[in-house]
Amino acid sequence: TRTIAVSGTASGIGRALADLLRAQGDEVIGIDLRDAEVRADLAVPEGRAAAVEAVLDRSGGVLDGVVACAGVSTFTPATVRVNYFGAVALLEGLRPALARAERPRAAVVGSISGTQPVDAEVVAACLRGDERAALDLAGEAVERGAGVRLYPSSKAALAQWLRRGAVTPEWAGAGIPLNAIAPGVVRTAMTEPLFADPAMVRVMEEAVPMPLHGPAGPEAVAEALRWITGPANTHITGQVVYLDGGAEAVLRGPGL
Ligand code: NAI
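Model, not experiment: these values are computed from the prediction.

Draft legend 1. Looking closely at the state of the cysteines. Evaluation of the coordinates by the stated rule reveals 0 disulfides. Cys 126 provides the cysteine sulfur closest to Cys 69, a residue in no disulfide bond, and the two sulfurs are 19 Å apart.

Draft legend 2. Seen up close, the pattern of salt bridges. The tally for this structure, following the rule as stated, stands at 7 salt bridges. Put simply, Arg 128 and Asp 130 hold a salt bridge, and the shortest N to O gap is 3.9 Å. On the basis of relative accessible area, Arg 128 is assigned to the exposed category, the value being 56%. Of the charged contacts, one joins Arg 226 and Glu 223 as a salt bridge, the two residues approaching to 2.8 Å between their closest N and O atoms. Note that Arg 226 and Glu 223 are positioned in helix H9 (residues 218-228) at a spacing of 3 residues, about one turn of the helix. What makes Arg 226 partly exposed here is its relative accessible area of 28%.

Draft legend 3. A look at the site of the ligand. The local shell around the ligand holds 29 residues, among which Ser 11, Asp 32, Tyr 151, Val 186 and Thr 188 are the closest. Within the backbone of Gly 12, an N or O atom sits 3.5 Å from an oxygen atom of the ligand. Relative to its unbound accessible surface of 830 Å², the ligand loses 94% to contact with the protein. Mapped by element, the contributors of at least two residues to the shell around the ligand are helix H1 (12-23) and helix H6 (150-165).

Conventions we followed
- Residues numbered from 1 in each chain as written.
- Predicted model: local features only at pLDDT ≥ 70, side-chain atom pairs only at ≥ 80, totals over all residues.
- Heavy atoms only, no water.
- Disulfide = S-S within 2.5 Å.
- Salt bridge = Lys/Arg side-chain N within 4 Å of Asp/Glu carboxyl O.
- Buried < 20%, exposed > 50% of the residue type's maximum accessible area, 1.4 Å probe, protein only.
- Helix = DSSP H or I, 4+ residues; strand = E, 2+ residues; numbered from the N terminus.
- Near = heavy atom within 4 Å.
- Polar contact = N/O pair within 3.5 Å; in protein donor to acceptor, adjacent residues only side chain to side chain.
- Areas by Shrake-Rupley, 256 points an atom, 1.4 Å probe, with all protein chains shown as cover.

Here you go:
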């Protein structure tokens, strides 16, 4: 049996992944604000530390996988707290437990939004690990009406963090692949209010064109996360894999 810690298991993609892993016999340690083995708030440092400690406790200090799914998409600094600092703290805090396993794997959930315009200062502060500065800058962005950039900024920073970190002695050197699955639009609680509004549906279709099959179900993302954090993935690392019905190819064109 593999033991995998997954954040965001109370809903959407995290829940679908937990279901898939449990169905194949893995032990899942879910982390969420509610309805999870470990209840913790990944928006704040104390909550992140408590989550790491509780997962280490439950797993006996050895983990085969860690997947950071928890996220929010508000136009507020909370988006940076959870999506970037929450995910990074979880992965860094649990990395030693991964290093003790035989075939450890790690992944985060990115987003096609990470390819959209960002607040470069917020991204830079995230990558410096300066949460205080990142949140101040995010607050300023909200005040000047640029809160819409915070979600793309949080996901772009997460993608840059993993591409940088994946190839270091701590991750690649310890035999731990670290990747992102970056969805286009997925039907979950996060997007439910958008799908309920025809005007927003048109905005989404324009911003994230998905010529292959349209918006995905959470199971599609869960399947990719399962594979990329499974033992069969021996050589993919440092990648942001777009699971987006072709949106990234449409938006960025054929150049690599
Ligand atoms: P969801 O809203 O269904 O699930 C998110 C989960 O994260 C919830 O259970 C929530 O309680 C948990 N969470 C939020 N803040 C937390 C905190 N402070 N501490 C602990 N847990 C917290 O959303 P969904 O769609 O399943 O999102 C999962 C990931 O997928 C997120 O990182 C999101 O940014 C990403 N994503 C979603 C897309 C979509 O269209 N739904 C598209 C691209 C990326």
